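A closer look at the structure
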Amino acid sequence: MKTVNVGICGLGTVGSGTCNVLQRNQREVQASARCDVKIVHVGARRDNAACNLEGIQVSRDIFEVVKNPEVNIVVELIGGTTVAKDLILQAIELGKHVVTANKALIAEHGNEIFAAAEQRNVCVAFEGAVAGGIPIIKVLRESLAANRIQWLAGIINGTGNFILTEMAQKGRAFDEVLAQAQELGYAEADPTFDIEGIDAAHKLGILASIAFGMPLRFDRIYTEGISKIEPQDLAYAKELGYRIKHLGIARRSGDKVEMRVHPTLIPEKRLIAHVDGVMNAIMVMGDAVGSTLYSGPGAGSEPTASAVVADVIDIARELALDCTPSVPHLGFGADYVSPITIQTMDELETSYYLRMSAWDRPGVLSEITQILSKQGISIEALIQKEPAEDQDIVPVILLTNRAVEGKMMQAIQQIEALVSIAGQVVSIRLEHLD
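Residues numbered from 1 in each chain as written. Predicted model: local features only at pLDDT ≥ 70, side-chain atom pairs only at ≥ 80, totals over all residues. Heavy atoms only, no water.

**Considerations on the overall build of the chain**
Broken down by element type, the chain carries 14 helices and 18 strands. The C-alpha radius of gyration computed for the chain amounts to 24 Å, which stays within 12% of the reference 22 Å derived for 434 residues, consistent with globular compactness. In terms of overall dimensions, the chain has a C-alpha envelope of 85 × 45 × 35 Å along the principal axes. Put simply, 73% of the contacts in the chain that link residues at least 6 apart link residues at least 24 apart. Carbon together with sulfur atoms contributes 47% to the accessible area of the chain, which is approximately 18,700 Å² in total. Averaged over its 39 positive side-chain charges, the chain has a centre that lies 4 Å from the centre of its 54 negative ones. (Helix = DSSP H or I, 4+ residues; strand = E, 2+ residues; numbered from the N terminus. Rg over C-alpha atoms; globule rule 2.2 N^0.38 Å. Contact = heavy atoms within 4.5 Å. Areas by Shrake-Rupley, 256 points an atom, 1.4 Å probe, with all protein chains shown as cover. Lys, Arg positive; Asp, Glu negative; His and termini not counted. Charge placed at Lys NZ, Arg CZ, Asp CG, Glu CD.)

**Quick notes on the side chain of histidine 202**
When you line up the elements, histidine 202 lands in helix α10 (residues 198-212). Overall, the relative accessible area of 1% leaves histidine 202 in the buried class. Once you skip the residues sitting within four places of it in the chain, histidine 202 turns out to touch Lys103, Ala104, Ala107, Glu108, Phe193 and Phe218. (Buried < 20%, exposed > 50% of the residue type's maximum accessible area, 1.4 Å probe, protein only.)

**Quick notes on the packing of aromatic side chains**
Under the counting rule described, the total for this entry stands at 2 aromatic pairs. The interplanar angle of 65 degrees and the centroid separation of 5.0 Å between the aromatic rings of phenylalanine 162 and tyrosine 186 together place this pair among those described as edge-to-face. A residue pair is termed long-range when its members are at least 10 positions apart, and phenylalanine 162 in helix α7 (residues 158-170) and tyrosine 186 in the loop between α8 (174-183) and α9 (192-195) qualify at 24 residues. Of the residues examined, tyrosine 186 reaches a relative accessible area of 36% and is grouped as partly exposed. (Phe/Tyr/Trp six-rings, centres within 6.5 Å; stacked < 30°, edge-to-face > 60°.)

**Focus on the pairing of strand β9 (residues 242-253)**
Of the strand pairs in this sheet, strand β7 (residues 149-155) and β9 are connected by 4 bridges, and their pairing is antiparallel. When the bridges of β9 are listed, glycine 154 appears paired with glycine 248. The pairing of β9 with strand β10 (residues 256-267) spans 12 bridges and is antiparallel. Among the inter-strand pairings, arginine 251 is bridged to a residue of β10, identified as glutamate 258. Counting the residues between successive antiparallel strands, the hairpin from β9 to β10 contains 2 residues, one of them, glycine 254, with a positive phi of roughly 65 degrees. (Pairing = 2+ DSSP bridges.)

**Some remarks on the packing of helix α6 (residues 136-143) against α10**
Between α6 and α10, the shortest axis-to-axis distance is 9 Å and the interhelical angle comes to 10 degrees. Put simply, α6 runs roughly parallel to α10. Residues Ile136, Ile137, Leu140 and Arg141 of α6 touch α10, and the partners they reach there are Ile206, Leu207, Ile210 and Ala211. Residues belonging to the contact of α6 with α10 are distributed by class as follows: 7 nonpolar, no polar and 1 charged. (Axes fitted to C-alpha atoms, helices over the stretch in contact; angles between N-to-C directions. Parallel < 35°, antiparallel > 145°, perpendicular 65-115°, else oblique. Nonpolar A, V, L, I, M, F, W, Y, C, P; charged D, E, K, R; others polar.)

**As for the state of the cysteines**
In total, this model carries 0 disulfides according to the counting rule given. You can see cysteine 35 has no disulfide; the closest cysteine sulfur is in cysteine 323, sitting 12 Å from it. The class for cysteine 35 is buried, based on a relative accessible area of 0%. Here cysteine 123 stays free of any disulfide, with the sulfur of cysteine 323 as its closest cysteine sulfur at 13 Å. (Disulfide = S-S within 2.5 Å.)

**Topic: a negative patch on the surface**
On the surface, Asp360, Glu386, Glu389, Asp390 and Asp392 cluster together into a patch of negative charge. Here aspartate 390 shows up in the loop between β15 (379-384) and β16 (393-400). Classification of aspartate 390 by relative accessible area gives exposed; the value is 73%. (Patch = residues over 30% accessible without salt bridge, like charges linked within 9 Å, V, L, I, M, F, W, Y side chains within 5 Å. Salt bridge = Lys/Arg side-chain N within 4 Å of Asp/Glu carboxyl O.)

**A closer look at the sheet that holds strand β6 (residues 124-125)**
The 6 strands lie next to each other as β3-β2-β1-β4-β5-β6, forming an open sheet whose pairing is parallel. Single-partner strands in this sheet number two, and they are β3 (57-59) and β6. Here 2 bridges tie strand β5 (residues 97-100) to β6, and the two strands are oriented parallel to one another. Following the sheet pairing, valine 98 is matched in β6 by valine 124. Together, β1 (3-9), β2 (36-43), β4 (73-76), β5 and β6 form the strand contacts of helix α12 (residues 301-320), whose direction differs from that of β5 by roughly 165 degrees.

Printed below as a string of structure tokens:
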């Protein structure tokens, strides 16, 4: 039986999980790959007691793994976008196939990496880069290949979903839940990538590129985090029949694509509205299949390792059959001009949740509705609470019908300028996901 040799760079959470899955499930891996898949070299700054490296060559210099002539597949699991990029490009130059779970690297430098892979006729596989154990990249590239993807929307950051879940279910403040997420290991010491939407934007850029057959455009993704969400907004959303989730949304209309990450009200009746905690979920709308939902663990040692090992198996199977593993269709030549343009946020059309603090005086609602009406915006639902004792300010909550974002932002500025309104208007976009 043919043997395909694997070199693993990085022995952290996912690297150790990958070693364990490949070793523990050796029989299943061999049957699926139709060859013997063997770890022959590991590069890591230090050993990890969570995995067994007996009989495996270990180097402190990860580039030694790439240079090893016996290694057929290089698995990059070190993270970051500098050393990892150099490592992958060197592996490609040496004619080795690559598997990575590095979403930041793919989102920001994927066009360069895939162009190099196409030139050298090697494969760069990256299932583990998006949504951990959910095989969403394989679904988009293979299972839904017959479909024209119309839109996709997903909870693609478990940390943010955990925070919003705790705030919604227990009425806790954002800072309090974030601290707990850090204690539990869900959030990093610097949680910026998670709570400000950057991690989700990396993943959305990859998904949109596959779904719509276009180069990666991470730089054009509108990104908004969850740090400004308050428990009262989650409570009002529930009262109106919605839940607030931090979504990545990509939608194609003709030759335009919108890509955005932000808090979103979604109807409580949608299954994705009930995906809580650190779980991930992605809805995909195809013209033939309709709406489909994929849910599972979005991170973790072995869930992500499951995706990484699946990529290793795919490449090993092709090598065992003496076929050249195909480069995923994210490879675009340097002279490729995409027919797709990225839509600006001012052009976006969606519904909105608005919360404002108004002085308890006659005519306030009339002023607000007149401003919205002049911008062509109609109201779908309204909540006006009674003022608290000894208070003259009341919360007013509106749900609007679909409106163009540019016009909505103008209306909000005009509402905030009213003497009857105290402070700023809170606005959260609303999607029905139909």
